[in-house]
Structures are given as structure tokens and as C-alpha cells.
Amino acid sequence: MKTWGGRFEDTPDARAADFGRSIETDVELAFDDILGSMAHVRALGRAGVLSDPEVEALLAGLAAVRVDIESGSMPWDPALEDVHMNVEAALEARVGPVARKLHTGRSRNDQVSTDLRLWLRRSIDDIDAALVGLERALVDLARRHVEAVMPAHTHTQPAQPVLLAHHLLAHVEMLERDRGRLADARRRANVSPLGSGAVAGSGFALDREAVARELGFDGVTRNSIDASGDRDFVAEALAGFAIAMVHLSRLAEELVWWSHPSFGFVRLADAFSTGSSMLPNKRNPDPAELVRARAARVVGDLAGFLAVLKGLPLGYQRDLQEDKRPLFESARELRRSLEVLAGVIGSLAVDETRLQAAVAEGYVTATAVAEALVELGVPFRSAHHVVGRLVRTADERGESLGALPDDAFATALVESDDGTARTLAADPTTATRLRAAASIEGALARCDVIGGTAPNRVAVELEAASRRLGPA
């Protein structure tokens, strides 16, 4: 019997029925649907709508249906449209006509919103654990190579030397923000709409706050119209998932380039690499490449769902049935991407020799030399010009800044428009001081501020990250 069939004489067109069913997607909500239904049954009992024997029969029947679902013996009938009606039909097959009282005082509108919030709450908790897993892998890799140095880049050009650990901790910071965003989304989603009915609220004296406490919600929605059509919590979760996937895509992009033989910074383990069907020499970082592509899908899920929401009036519209596929897909792809990248990072081989060679290119200590001149009394803009001249000289000679002779430093200083710089040209200790600043060790040590790449600062941040994440 159709739940709404009394209003109609003709049966639905098969094409329309097939077009509108959602069981293939929302079957993922089965356990949440049963949990919410059990809480609703108890609320009906407390309100005097159901007798104690009816409550007991319905609860026992729902528990039995849950066992059927867990065992895989539950038959899912597409003709029943969705997970809710399949569960209700299975319940009636077990306990008889009393099952028809289950839906008293609720609508599929507040029912599905409750189910979806319960599902999202669990999913965010799972994703948070996966985020922590990747963070731990990054921190562990940083600890294994705590002294390794690499060039940091701006505009994809060599900029300044940093510790590899400092670079890896930058990704940890991004993932921590993802955790915070999803925790915020979880908090706002964790309110119960059950009892809001189709749009005006339940017609029975249901204790909504008791139901919310039983289901682990922080409270209840305050407006039945809003509750029936609200999918902000889905959009916010999708936004958090999309931003997290963008972060993972950036990490994946680095892994792709770093593993290229021209860089040779890292080598992915055999277990996380693939070959070519044609090219025997190939060693492809496929997991990282697929993370980049999956990120595009999740970003598309967010954009698509926002487009669904933008034209809807208040109250429930059937358009909202399309909330589940993007939400389920995005959560799944984010969790899987986190897990595979944790495996990649955990088994990654780092070539510190190649990193050291790379940091010797691009004159990445130039800023440290300019800052050393500032300490000698030269205004920064003038110091910048002097060091730019030194870099040009080093480039022409094919030498590093630290290898330039005294006369090269003297020439650059004498040509400066700053009097202090010209005076320094005559000081025989100036070139020695500037060479020291041009060393990798000197440049690293200069960045001794909170958040800087000085080794002592990075050690503090590594320890803080380890404490925050806790043991595996």
C-alpha cells in the first residue's frame, strides 16, 4: 500500500516511480533510521499515543530489522521508494499492523533530516580520525628527517631555505584547520529536527528535548518550517570536505613533482606506485594523482548542491532528495584519500642528498644576507639592492653567494646609494660576516620567531604537534 495512495485513483507511471526512488542511495541511512525510529517510539509511548505493549513490540521489531540489515538478509524493495518505507514494511512483516502506528506524529521530512544528521555526525568523527592519522604520518616523517633542509618556494621559484620538517608541519597546520571546520559543522548539525513534522510541527505532545538527549543531540531545532527544509548542515559539511580535499590535492601535487626524477626528493614505496602497460621504465605516483582528481569531484559536489539550494522556497521540496549522493560521495572520497595518503607518507623515502643539492640552487640565502646588512646599519631597501647586485654577480660567475671573493662584496657595497653601505665596503670583516649569513645554517638560524624555520622553533612545533595528536 502506498503511504500516500488514498489521495490518488491511478497508480504512478513506472517511469516517474523509477525516477523518484532513492533506495539505492539512502540505504546507507538504514541504521540511523532505525535509531531515530526507536527514539520516536519511546516518545510516542511517553506521550500516551502508544501503549506499553505497543512500544515493546515496535522496539523489538525494529531491533530485529536491524539484525537483518547487519546480516545482509534484509530485502530492499525499489517499489517502496526509500529506506524509510523499506524499514517500515519490514517492521510490519515482523510485528503486524501495529507497525502502522510507527509514523504517528512525524513526517519523512523530519525523519530523513534526523537520519542524515546522525549519519553526518558519525562520518565527521570517522573523518577526524583519518585526519589525525595523516597528521601523525607527516609528523613521524618530519621526525625521521628532522635535520633535512630544502628550498621553500614562492611563485614556484626557490625562495628561502627551510627544514623539511617545517614544510611538512605546514600541511599539518592545514589539516588542523580542516579538523576545526568539521568540528564546527558537526556542532551546528547536532540538533534534532524530530518532532517538526512535515512543516508545522507534530500534532502530538512529544517531548522533543528528551528525544534529542536520547539520540545524543545537543538540542532541538526551534522552527518547524526551517527544520523541514534546512540543509545548511549538508552544505557546510560539503564545504569542509571540499576545502580538506583541496589541501590534500596540494600535498598530492607536491608528491607528484617531488617524486619526478628531475627532483628526486622522495620515492613512493612500491606498494603505493604503479607501472605502465607499455613503458617498462615507469614508476607512477597514481594514488597522489587520483587524490587530485577526487578533489575536483568533491568541489563539484559542493558547487552542485549549492546550486540545488539557491532556488528553493521554505519548507521541504523534493529537490532535497539530491542531498545524499554528493554528501555520501564527498565524505567517502575524503576519508579514502586521507587513508591512502597516510599510507603514502608513512612509507615515503626521502633523499636528503637531493634536497641538500636543491637548496644550493637559486641563491635562497639572499634574504639572510640582506638582513645581515640591516644589522650593520644599512636600510633594508638599500640592503635589498646591494644583495640583488651580489646575486647578479654570483649568477654571472656561476658561484654561490658564500663563495664570492671579498672584492665582489666590496664592489656591490661601493655602488650602493647608501652611505653606510659604502663605508662597510672598506671594513675587512664585512665580507666574512656576509658570507656567514649566506650559509644555509646561518639563514635557517635567523628565522628564530614563533612559526619560523629555525631548528629550535621547529623542534618546539614538532613536540607540540605530537602532544596534540597523542599516541597512535
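What counts as what
- Residues numbered from 1 in each chain as written.
- Predicted model: local features only at pLDDT ≥ 70, side-chain atom pairs only at ≥ 80, totals over all residues.
- Heavy atoms only, no water.
- Pairing = 2+ DSSP bridges.
- Helix = DSSP H or I, 4+ residues; strand = E, 2+ residues; numbered from the N terminus.
- Patch = residues over 30% accessible without salt bridge, like charges linked within 9 Å, V, L, I, M, F, W, Y side chains within 5 Å.
- Areas by Shrake-Rupley, 256 points an atom, 1.4 Å probe, with all protein chains shown as cover.
- Salt bridge = Lys/Arg side-chain N within 4 Å of Asp/Glu carboxyl O.
- Axes fitted to C-alpha atoms, helices over the stretch in contact; angles between N-to-C directions.
- Left-handed = near helix turned anticlockwise from the far one by under 90°.
- Contact = heavy atoms within 4.5 Å.
- Nonpolar A, V, L, I, M, F, W, Y, C, P; charged D, E, K, R; others polar.
- Core = buried A, V, L, I, M, F, W, Y, C linked by side-chain atoms within 4.5 Å.
- Buried < 20%, exposed > 50% of the residue type's maximum accessible area, 1.4 Å probe, protein only.
- Polar contact = N/O pair within 3.5 Å; in protein donor to acceptor, adjacent residues only side chain to side chain.
- Phe/Tyr/Trp six-rings, centres within 6.5 Å; stacked < 30°, edge-to-face > 60°.
- Lys NZ or Arg CZ within 6 Å of the ring centre and 35° of its normal.

Caption draft 1: Representation of the pairing of strand 1 (residues 149-154) in the model. Strand direction decides the pairing type here: strand 1 and strand 2 (residues 157-163), joined by six bridges, are antiparallel. What sits directly across from Met150, in strand 2, is Val162. Once strand 1 ends, the chain turns through two residues before running back antiparallel as strand 2, passing His155 with a positive phi of about 55°.

Caption draft 2: View of a nonpolar patch on the surface. Residues Val199, Ile225 and Leu314 make up a contiguous nonpolar surface patch of about 280 Å² in total accessible area. Relative to the assigned elements, Ile225 resides in helix 9 (residues 224-229).

Caption draft 3: Here's a closer look at the packing of helix 6 (residues 108-144) against helix 20 (residues 455-469). At their nearest, the axes of helix 6 and helix 20 sit 10 Å apart, and the two run at 150° to each other. Considering only the axes of helix 6 and helix 20, their crossing is left-handed. Where helix 6 abuts helix 20, its residues Val132, Glu135, Arg136, Val139, Ala142 and Arg143 lie against Leu462, Glu463, Ala465, Ser466, Arg468 and Leu469. For the contact of helix 6 with helix 20, a count of residues per class yields six nonpolar, one polar and five charged.

Caption draft 4: Summary view of the nonpolar core. Counting residues in hydrophobic clusters, the biggest one holds 105 residues, and the most contacted among them are Leu120, Leu134, Phe241, Leu248, Leu327 and Ile345. The element best represented in this core is helix 6, accounting for 16 residues. Dropping the residues within four chain positions of it, Leu248 is found in contact with Leu134, Leu175, Val291, Leu334, Ser337, Leu338 and Leu341.

Caption draft 5: Quick look at the pattern of salt bridges. Under the defined criterion, the tally for this structure stands at 34 salt bridges. Two residues, Asp82 and Arg108, come together in a salt bridge whose shortest N-O distance is 2.7 Å. Here Asp82 is found in the loop between helix 4 (52-71) and helix 5 (83-95), whereas its partner Arg108 is found in helix 6, with 26 residues between them in sequence. For Asp82, a relative accessible area of 7% puts it in the buried group. A salt bridge links Arg325 to Glu329; its shortest N-O distance comes to 3.3 Å. Placement of the pair is Arg325 and Glu329 together in helix 12 (residues 324-346), with a separation of four residues, close to one helical turn. On the accessibility criterion, Arg325 (44% relative accessible area) is partly exposed. Since its relative accessible area comes to 11%, Glu329 is described here as buried.

Caption draft 6: Highlighting the environment of Ser71. Mapped onto the secondary structure, Ser71 falls in helix 4. At 3.0 Å, the side chain of Ser71 forms a polar contact with the backbone oxygen of Asp68.

Caption draft 7: Just the environment of Leu206, in detail. If you trace the backbone, Leu206 turns up in the loop between strand 3 (191-192) and helix 8 (208-214). Residue class for Leu206 comes out buried when judged on its relative accessible area of 14%. Considered as a pair, Leu206 and Gly195 are 11 residues apart in the sequence and their alpha carbons are 6.8 Å apart. Excluding anything up to four places from it in sequence, Leu206 contacts His40, Ala43, Leu44, Ala47, Gly105 and Gly195.

Caption draft 8: Focus on the packing of aromatic side chains. Tallied over the full model, the rule gives four aromatic pairs. Residues Trp119 and Phe328 carry aromatic rings whose centres are separated by 4.6 Å and whose planes lie at 50° to one another, so their mutual orientation is tilted. Within this pair, whereas Trp119 is found in helix 6, its partner Phe328 is found in helix 12, the two being separated by 209 residues in sequence. Of the aromatic side chains, those joined through ring pairs into one cluster are Trp257, Trp258, Phe263 and Phe265. In this structure, Arg117 is placed above the aromatic ring of Phe233, and the distance from its NZ or CZ to the ring centre is 4.1 Å. The ring of Phe217 has Arg121 sitting right over it, with the charged end atom 5.1 Å from the ring centre.

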